[in-house]
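Observations on the model geometry
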Amino acid sequence: MKTISQAITATLGMGMFVMLLAPRATAGCGDPNTLQGPFVLAQEAPLASLLARAPEAEKSSARGPAGPSIVGMWNFQLVSEGNAAHNPSIPDGAIIDFGYHQIHSDGTEIINSGGHAPATENFCLGVWGQTAFLTYEVNHFPLSYNAMTGALANLINLREQLTLSPSGDSFTGTFTLDVYDTKGNHVDHVGGNVTATRVTVDTKVTAAP
């Protein structure tokens, strides 16, 4: 049986655990070596630092009288917390994943993970629901593939508990990530915090990554 470390390093399909391999270089989970550290610690979301943000009052006015909604496109990151006992240990503040998250009005959602190559699958799907005023839950189901053979490697369940800001321009929350082999055996678990900022029609890329 694979160890927990082997399972998650070789097969995670969302590009979890973005690692610092060389100056200005990061990689996702397709390479087993990328989970050996050193880890990239979160400061500002990697994509958020490249995007020009409109003034808060301007964005709020443009939305009109309707209340804030989580529906839309978001620049997100997942950050480790409480994973010191993981094998290998993951420090608090390490980036687990980042990218773009679209949340649709029909209760479905999709993530474009920026943490790994498309060969192991960087798009994944899920559903969401509102639990109370400004609070939401996401139930997300990535599929992970072997980059060399193309065979299905792991089934993954990402769950998020989110709180939307009163302005509707950001959300925060927590996540858990559980990894299963193709027979449904649970092989790994990590958790942490979610942060996201809204992408609008006025958002611009201001620099190359």
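Residues numbered from 1 in each chain as written. Predicted model: local features only at pLDDT ≥ 70, side-chain atom pairs only at ≥ 80, totals over all residues. Heavy atoms only, no water.

**So, the overall build of the chain**
Across its full length, the chain carries 2 helices and 13 strands. Expressed as a percentage of the 209 residues in the chain, the buried residues total 43%. Pairs at least 24 residues apart make up 55% of the contacts formed inside the chain by residues separated by at least 6 positions. Carbon and sulfur atoms make up 59% of the accessible area of the chain, which amounts to about 10,300 Å² in all. (Helix = DSSP H or I, 4+ residues; strand = E, 2+ residues; numbered from the N terminus. Buried < 20%, exposed > 50% of the residue type's maximum accessible area, 1.4 Å probe, protein only. Contact = heavy atoms within 4.5 Å. Areas by Shrake-Rupley, 256 points an atom, 1.4 Å probe, with all protein chains shown as cover.)

**Re the pairing of strand β11 (residues 170-181)**
Across 11 bridges, strand β10 (residues 152-164) lies against β11 in antiparallel orientation. When the bridges of β11 are listed, Leu-155 appears paired with Tyr-180. Where β10 hands over to β11, the hairpin turn is made up of 5 residues, of which Gly-168 adopts a positive phi near 80°. As paired elements, β11 and strand β12 (residues 186-199) share 11 bridges and run antiparallel to each other. Across the sheet, Phe-175 pairs through a bridge with Gly-192, a residue of β12. Counting the residues in the hairpin turn of β11 and β12 gives 4 residues, including Gly-184, whose phi is positive at 90°. (Pairing = 2+ DSSP bridges.)

**What about the confidence of the model for the chain?**
Across the chain, pLDDT averages 77, with 66% of residues at or above 70. Taking the mean pLDDT of every element in the chain, the minimum, 28, falls on strand β2 (residues 25-27) and the maximum, 98, on strand β8 (residues 135-141). Across residues 1-36, confidence stays below pLDDT 50; counting only partners more than four residues off in sequence or on other chains, it has 109 contacts. Confidence over residues 56-65 falls short of pLDDT 50; this stretch has 11 contacts with residues more than four positions distant or in other chains. (pLDDT = per-residue confidence, 0-100.)

**Comments concerning unusual backbone geometry**
Residue Pro-88 is reached from Asn-87 by a cis peptide bond, and omega for that bond is 0°. A positive phi is found at Leu-134, a non-glycine position, where the angle reads about 70°. You can see Leu-134 is positioned in the loop between β7 (123-132) and β8.

**Topic: the nonpolar core**
By size, the foremost hydrophobic cluster in this structure holds 26 residues, and its most contacted members are Ile-70, Phe-171 and Phe-175. Excluding its chain neighbours within four sequence positions, the residues that come into contact with Phe-171 are Ile-70, Trp-74, Ile-103, Leu-162, Thr-163, Leu-164, Val-194, Thr-195 and Ala-196. (Core = buried A, V, L, I, M, F, W, Y, C linked by side-chain atoms within 4.5 Å.)

**A word on the pairing of β12**
Where a strand is regular, its side chains alternate between the two sheet faces. Two strands pair when backbone bridges link them, and strand β4 (residues 72-80) and β12 are joined in this way by 8 bridges, in the antiparallel orientation. Counterpart to Ser-80 in the pairing with β12 is Gly-192.

**Quick look at the side chain of His-101**
For His-101, the location among the structural elements is in strand β5 (residues 95-103). Residue classification places His-101 among the buried residues on the basis of a relative accessible area of 1%. Here Glu-109 takes part through its side chain, which lies 2.6 Å from a polar atom of the side chain of His-101. Residues in contact with His-101, not counting those within four places in the same chain, are Gly-72, Met-73, Trp-74, Phe-76, Glu-109, Ile-110, Ile-111 and Glu-160. (Polar contact = N/O pair within 3.5 Å; in protein donor to acceptor, adjacent residues only side chain to side chain.)

**So, the environment of Pro-91**
Locating Pro-91 in the fold gives a position in the loop between β4 and β5. Here the alpha-carbon distance between Pro-91 and Glu-81, two residues 10 residues apart in the chain, equals 7.1 Å.

**Brief notes about a nonpolar patch on the surface**
On the surface, a nonpolar cluster with roughly 210 Å² of combined accessible area is contributed by Leu-143, Leu-152 and Leu-155. If you trace the backbone, Leu-143 turns up in strand β9 (residues 143-145). For Leu-143, a relative accessible area of 36% translates into the label partly exposed. (Patch = residues over 30% accessible without salt bridge, like charges linked within 9 Å, V, L, I, M, F, W, Y side chains within 5 Å. Salt bridge = Lys/Arg side-chain N within 4 Å of Asp/Glu carboxyl O.)

**Quick notes on the environment of Gly-191**
Relative to the elements of secondary structure, Gly-191 occurs in strand β12. Separated by 31 residues in sequence, Gly-191 and Glu-160 place their C-alpha atoms 9.7 Å apart. Setting aside residues no more than four positions away along its own chain, Gly-191 makes contact with Val-79, Ser-80, Glu-81, Asn-83, Phe-175 and Thr-176.

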